[in-house]
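For reference, the chains in residue letters:
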Amino acid sequence: MKVKVLSRNPDEYLRETKRDLHKTPRNYDPNLHPFESAREYVRALNAVKLERVFAKPFVGNLDGHRDDISCLSKHPKHLSVLLSGSYDGEIRVWDVPQKLCLRSFIAHEGIVRGITYEPNGKCFFTLGDDKTIKTWNTAAPNTPEEEEPINTILSKTVVTGISHHRSKPVFATCGEICQIWEESRSEPIHTYKWGVDSLHDISFNPIETNLLATCASNRSIILYDTRDSGPLRKVVMKLRPNRLVWNPMEAFIFTCANEDYNLYSFDTRYLKKPVNVHVDHVSAVIDLDYSPTGKEFVSGSYDKSIRIFETGKGHSREIYHTKRMQRLTCVLWSLDNKYILSGSDEMNIRIWKARASEKLGTLKPRERTALQYSEVLKEKYATHPQVRRIARHRQVPKHIYNAQNELRTIKQKIKRKEANRRVHSKKGAVPFVPERAKHVVKEDI
Amino acid sequence: MAEGKLIKNVLNLNKKITYPKPSRTEPRTEVSEFNLVKSEKGKSNVRVTDLTNALKKVSKQAKVRQRIQSFEKKVKPLPKPLEKVKADRIHRSTAFGKVTKHLDRWNAVVTSNRASNHLTFPLQDDLNLESGKNFTTFRIKSDLQKRLEACDGPSEEVTLEKESKYPLTMQEMLERRKEMMKMKIIESQKAAKARRQKKIKSKKYHRIQRREKTKNQIKEFEGLQQSNPEEALKKLDEIERVRVEERASLRHRNTGKWAKNKQIKAKYDSTNRQELAQQLAISRELTQKMNMDESHSESEEENRTSEVSVNNPNNPWVNQIKTSEEVETFLKGYRKFWEERNSGNEAKVSEVSTDISVPNEVVINENDITEENISNTVKYKDTLSPIHKKKTQDEETTSSDFKETRKKISTSKKRPRDSTSTLKAENDTIPLSKCENTVCLATSHWEVGILSDTDEDECDDIDVLFEKYSDNFKKNLDEVKQSVKVTKKRAPKQKKEQQKAKKPKRNSEDLSFKIQAKRPIIDEPLDENVEVNGKREETGLSLALQQDTYQPTRATKNIDPNDIIRTKPTDLQTELPDLLDLDDNEENDDQRGAIVEAFQDDDIVESFQKEKHDEIESEKPKDINLFLPGWGSWGGPGVIQSKKKRQNRRFIIKFPKEFERKDENKGNLIINEKSNEKVKKHLVSDVPFPFKTVKDFEASIRAPVGNTFVPETAFRRMIKPAVATKLGTVIHPMTEEILLKTKG
């Protein structure tokens, strides 16, 4: 009797060595793959599930400060160096990958209001509530007792924020007035004033380096040109913008973190209304920072959470929170687009991954292609209900959840009231105002 | 010493205190306002005239003196600078304009980056190749160099890297200076304009300004009319209101030429005074009526149309309400005025040979004006033409009135008639060419006589004409009203279209193409909820969504199409023979017969109906009875449970009786809705955002990506990430080098 068995030549399917590329003959005729879409869907579903499984964004924290963190600054050239200033006037220099504090010293009496590196990274500037602007050498002295600033400038006015020019030895401070300083001089080379309100944040445009924007306490954003003209334009918003950051890849776009729980992206050329409104926070947004690719930005809020937004979208793609993290005071996006650093009220600096489920370190080619493939699949099937549900589901702290519910009811109430008013009034008396047009009060010339 | 000072002070007590001239002591960035003292004018200043007077005696320098004096006449002192607030504003606005223009350079780069599917950071253009630093330039040595080297060893090439003293090159500096100058010029122009406009007191200037403004408004209105009729109506309303108010304040106020002439005579003649008073009374009446009219929407519309098209303040047709009496009284005055004027001019006309080109020009001008009017009121074109006719008609009536009262007037008969007819010729736009010809060829007297003859014919039945025109006018008005209503209805649709059209207009610099959607875009809040004891609490969002989904109750009941089909067909008596059907019917009949024979015993249709009914019944969710035996009553052996209690309504949760099924009105069809329940939750319910049709969306999903289904190269291409970064590399912000440098 003849027994039929499957038999193949082992040369066809076995490799000689482990490293041999084994060529699998494949027939791509779609008729032979009737379940291709179903199989890909299952792969997408698995990929999205694994993404959530591996979503562990918290990398570590840097502790050592003895008071709340007030400001952070990244080194313009080195990824591993981080500067932090705190409310007790202490400055710390960190080695981020090793989570080590390299240097610490008291720089100011009172709160450190701002730190910024010089573009070469050779020294950094700090300013504090004691109305001084101090320059420090990046290289640490031999003993901590020898910590001395290279230069100290006594400012005549209160200074609350600092921003360095991208390439020139020029920096700008804000406070009562906006001042432009030359590094080697002890007097400001320009002072700009428009109105009487004090300014609490300032930032140089990294691309169009002569543009400057400040946030004023009268809810306004003021643009300056440092070349010769000074103040250019003022936008008054409904509530106060806390922080303003320019997009590092799009010269005319800037985003401000606002007191009204939202963030607004503006086009400098059309200031009448924001290009985009980014919602989702449930409390005032304190700080934000753009990713170096200019495609995303991170925001830290008073609601004890960090959110990541894509520039073109109105809702966040990610929320980070931990039980012990308190009110955020500052956030940073690292210059290699991989990490997010956050400083908060409870003296810790936290390191997060920018993409929660990303595998860190170098990847082997096969792994990389597999990850890229699953990324594409997730994108492809993003709207399928199961994929969508899993990908967009997040656990949030109870206070955020409750606040969201409250905000929702408030919004619904406003909407309902407006609709009622519209129904019961003359046609056209209650116009439809787009969301984007609601938040800017006026544009001052 | 001290005494002397004291005496000096005492002596100075009576005098005015004079401040010394300020002198700068220390350079400062801020100049204190207390140091700015107005210097005493004329006292210490050196005048040029004094200097030139000194030159008077020197004959050699006479020319110089003359030149200086002429300069002094020509050159005026610079104007006082604008107020600081205003000057600053101008400064800022020009600077902002410049900056926005400067920023537009980035449009191309930004758009391309936004649109590109794959971006690698750091951007390629960011490569930091600092020329000459890392590479030593190799040079072929000359003979001399070689020989020198042989003499005293290799000479070190000394490259002197001179740090330029100035950060900018000469050219750059010049360019910058040029730009500054340009900006200053623009600024000064604006400042000068503002200053000039502020100063002007002339009423006429402001009137012209206002007129220009209204003209612009009307132009805007025309534009709106085409694109957005609803807005246009609003605009029209506004324009009209302003115009009406102005008109109402001016009409019959005795400000015209006629009235002024009257006023001169009114001193001596009581009738003139009376007429003027009458005019004022009319004006009062008119303005009152205007206010009343505004309450009625319909009459308002009428007013609007009439006022838009007519610019002549003396036109009686402006207001429909005007009675014929009023018209007559008005015309009387008008006619008299013309008589007198003409009688006055008579002598002149006879003396001076009439310039032929003048009336010709007048005609053309008039025509221009009317054309302007037409263009201003495109929508009301229909109403316009009759009004113009009426305008001419108005003039005709003057002539007719004149005829009636001609006997009373002692002035010569020919001249006034002549004049009125010329007036007619001027105003009438219809026989334009004829008029032109006649005027050019011959004296006005002779030809005009003919025209006036035709006038007289028309004037005889003026009342008839009046009625005719008024009817015509009303009809036109109705048409306009209807058209307005129609446009109002159409407005929202058009508005949408207009917005669509508007969008690219606003971003005229927007370089982006219309991107064809490849992947769905999800821009919605995260599905956030709280974990409570391991159990997931339902999200507020989903709850809210549940509340929102409102199921409307079904209006129609289950209708079986079979029942309807069973109704008896009615035969239509037609002459057309249905030849085609005959054969089919025969065949069908055969088949049917066979089937009927085969299933003679069982009724298929009936049985299917029954089956469907059973299916529906079985799938119907049943009422749930929550009754538990023993609750609320005694239990145990021997206790009889009452059936009544079991059927108590309190325990039964009733399911809604009207339950929609998919196969409800479909006759011989049973759809099993439960079969794909498991698949259902994996299926997309509606077309996701950027896609507009199901077909598009399906197309985006259809093609597989994996390397099990597509060749490796295609796979690699398709899985390329949107943003790729290099591990451990700093990504710097964009630099200006990325922009293409253009010449000049």
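We now turn to the structure provided with this report. Owing to the predicted nature of the structure, the values given are computational and were not obtained by experimental measurement.

Criteria and cut-off values
Residues numbered from 1 in each chain as written. Chains lettered and ligands numbered in written order. Predicted model: local features only at pLDDT ≥ 70, side-chain atom pairs only at ≥ 80, totals over all residues. Heavy atoms only, no water. Helix = DSSP H or I, 4+ residues; strand = E, 2+ residues; numbered from the N terminus. Buried < 20%, exposed > 50% of the residue type's maximum accessible area, 1.4 Å probe, protein only. Contact = heavy atoms within 4.5 Å. Areas by Shrake-Rupley, 256 points an atom, 1.4 Å probe, with all protein chains shown as cover. Core = buried A, V, L, I, M, F, W, Y, C linked by side-chain atoms within 4.5 Å. Buried area = accessible area lost by both parts, 1.4 Å probe. Salt bridge = Lys/Arg side-chain N within 4 Å of Asp/Glu carboxyl O. Nonpolar A, V, L, I, M, F, W, Y, C, P; charged D, E, K, R; others polar. Pairing = 2+ DSSP bridges. Phe/Tyr/Trp six-rings, centres within 6.5 Å; stacked < 30°, edge-to-face > 60°. Lys NZ or Arg CZ within 6 Å of the ring centre and 35° of its normal. Axes fitted to C-alpha atoms, helices over the stretch in contact; angles between N-to-C directions. Expected span 1.5 Å × (residues − 1). Parallel < 35°, antiparallel > 145°, perpendicular 65-115°, else oblique. Patch = residues over 30% accessible without salt bridge, like charges linked within 9 Å, V, L, I, M, F, W, Y side chains within 5 Å. Lys, Arg positive; Asp, Glu negative; His and termini not counted. Charge placed at Lys NZ, Arg CZ, Asp CG, Glu CD.

Here we look at the overall build of chain A
- A count of helices and strands for chain A gives five helices and 30 strands.
- Split into buried and exposed, the 445 residues of chain A put 53% on the buried side.
- If you take every contact in chain A between residues at least 6 apart in sequence, the share linking residues at least 24 apart comes to 48%.
- Here chain A has roughly 21600 Å² of accessible surface; of this, 52% comes from carbon and sulfur atoms.

What to know about the nonpolar core
- Core analysis: the biggest nonpolar cluster contains 46 residues, and Leu 223, Leu 244, Phe 254 and Phe 266 of chain A together with Trp 106 and Met 734 of chain B have the highest contact counts within it.
- Formed by 17 residues, the second largest nonpolar core is a distinct cluster that contains Tyr 41, Ala 44, Val 387 and Ile 390 of chain A.

Digging into the interface of chain B and chain A
- Every contact between the two is made by 81 residues of chain B and, on the other side, 81 residues of chain A.
- Of the roughly 7600 Å² buried between chain B and chain A, counting both surfaces, carbon and sulfur atoms make up 58%.
- The largest contributions to the chain B side of the interface with chain A come from Phe 96, Leu 526 and Phe 709 of chain B, which together make up 10% of the buried area.
- Across the pair Glu 528 of chain B and Arg 307 of chain A runs a salt bridge whose closest N-O atoms are separated by 2.8 Å.
- A total of 10 residues in the side of chain B that touches chain A trace back to one element, the largest contributor, which is helix H4 (residues 84–103) of chain B.
- Considering only residue class, the side of chain B that touches chain A consists of 40 nonpolar, 19 polar and 22 charged.

Observations regarding the pairing of strand E3 (residues 81–86) of chain A
Residue and element names in this part refer to chain A.
- Of all the six residues making up E3, six are buried; the element is thus mostly covered by neighbouring parts of the structure.
- Residues Val 81, Leu 83 and Gly 85 point to one face of E3 and Leu 82, Ser 84 and Ser 86 to the other, with burial holding for every one of them.
- Two strands pair when backbone bridges link them, and strand E2 (residues 69–74) and E3 are joined in this way by five bridges, in the antiparallel orientation. Residue Ser 73 lies in a different strand from E3, and its bridge partner there is Leu 83.
- Taken together, E2 and the strand that follows it, E3, pair antiparallel across an intervening segment of six residues.

Quick word on the packing of aromatic side chains
All names here are of chain A.
- Within this structure, the stated rule accounts for 15 aromatic pairs over all chains.
- Judged by centre distance (5.1 Å) and plane angle (65°), the rings of Trp 246 and Phe 254 are edge-to-face. The two residues Trp 246 and Phe 254 agree in class, both being buried.
- Here the aromatic rings of Phe 254 and Phe 266 are separated by 5.5 Å at their centres, their planes lie at 25°, and the arrangement is stacked. Here the residue Phe 254 occupies a position in strand E19 (residues 253–258), and Phe 266 occupies one in strand E20 (residues 263–267), the gap between them amounting to 12 residues.
- For Phe 266, a relative accessible area of 0% gives the class buried.
- Members of the aromatic cluster, connected to one another through ring pairs, are Phe 58, Tyr 320 and Trp 352.
- If you follow Arg 269 out to its NZ or CZ, it ends over the ring of Phe 252, 3.9 Å from the centre.

A few points about the sheet that holds E2 of chain A
All names here are of chain A.
- Strand order across the open sheet formed by four strands is E2-E3-E4-E5, with antiparallel pairing between neighbours. Strands at the two margins of the open sheet, each flanked by one partner only, are E2 and strand E5 (100–106). On average, each strand axis in the sheet is inclined to that of its neighbour by 20°, with strand direction left out of account.

Overview of helix H2 (residues 36–54) of chain A
- Across its 19 residues, H2 of chain A extends 26 Å between first and last C-alpha, which sits within 8% of the 27 Å expected from 1.5 Å per residue.
- If you check which residues of H2 of chain A are buried, you get Glu 36, Glu 40, Tyr 41, Ala 44, Leu 45, Ala 47, Val 48 and Glu 51 of chain A.
- In the core, the buried residues of H2 of chain A are packed alongside helix H3 (365–380) and helix H4 (385–392) of chain A together with helix H26 (694–702) of chain B.

So, the environment of Asn 46 of chain A
Residue and element names in this part refer to chain A.
- Along the chain, Asn 46 falls in helix H2.
- Relative accessible area serves as the criterion here: at 39%, Asn 46 is assigned to the partly exposed category.
- Note: C-alpha distance between Asn 46 and Ser 374 (328 residues apart in sequence) is 8.8 Å.

Some thoughts on the packing of H2 of chain A against H3 of chain A
Residue and element names in this part refer to chain A.
- Two elements in contact, H2 and H3, have axes separated by 8 Å at closest approach and are oriented at 105°. Relative to H3, the element H2 is oriented roughly perpendicular. Residues Glu 40, Arg 43, Ala 44, Ala 47, Val 48 and Glu 51 of H2 lie in contact with H3, whose contacting residues are Tyr 373, Ser 374, Leu 377, Lys 378 and Lys 380.
- Looking at side-chain class alone, the contact of H2 with H3 contains five nonpolar, one polar and five charged residues.

Digging into a negative patch on the surface
- A surface patch of negative charge is lined by Asp 11, Glu 12, Glu 16 and Asp 20 of chain A.
- Here Glu 12 of chain A is to be found in helix H1 (residues 10–13).

Remarks on the pattern of salt bridges
- Applying the stated criterion across every chain yields a total of 42 salt bridges over all chains.
- With a closest N to O distance of 3.1 Å, Asp 225 of chain A and Arg 227 of chain A form a salt bridge.
- On the accessibility criterion, Asp 225 of chain A (1% relative accessible area) is buried.
- Residue Arg 227 of chain A is classed as partly exposed on the basis of its relative accessible area of 24%.
- In this structure, Glu 179 of chain B engages Lys 98 of chain B in a salt bridge whose closest nitrogen and oxygen atoms are separated by 3.8 Å. Placement of the pair is Glu 179 of chain B in helix H7 (residues 170–199) and Lys 98 of chain B in helix H4, with a sequence separation of 81 residues.
- With a relative accessible area of 23%, Lys 98 of chain B lands in the partly exposed category.
- In the salt-bridge network here, residues are joined through shared partners; they are Glu 296, Arg 317, Lys 338, Arg 355 and Glu 358 of chain A.

Examining the pairing of strand E4 (residues 90–95) of chain A
Residue and element names in this part refer to chain A.
- Burial of E4 is extensive: six of the six residues sit out of reach of the surface.
- Here E4 shows a buried face lined by Glu 90, Arg 92 and Trp 94 and a second buried face lined by Ile 91, Val 93 and Asp 95.
- Pairing geometry for E3 and E4, over five bridges, is antiparallel. Within E4, the residue paired with Leu 82 across the bridge is Trp 94.
- The loop that links E3 with its antiparallel partner E4 comprises three residues; one of these, Gly 89, has a positive phi angle of about 85°.
- In terms of strand pairing, E4 meets E5 through six bridges, oriented antiparallel. Bridging across to E5, Val 93 finds its partner in Arg 103.
- In textbook terms, the turn of a hairpin is the stretch between consecutive antiparallel strands, and for E4 and E5 this stretch comprises four residues, one of which, Lys 99, has a positive phi near 55°.

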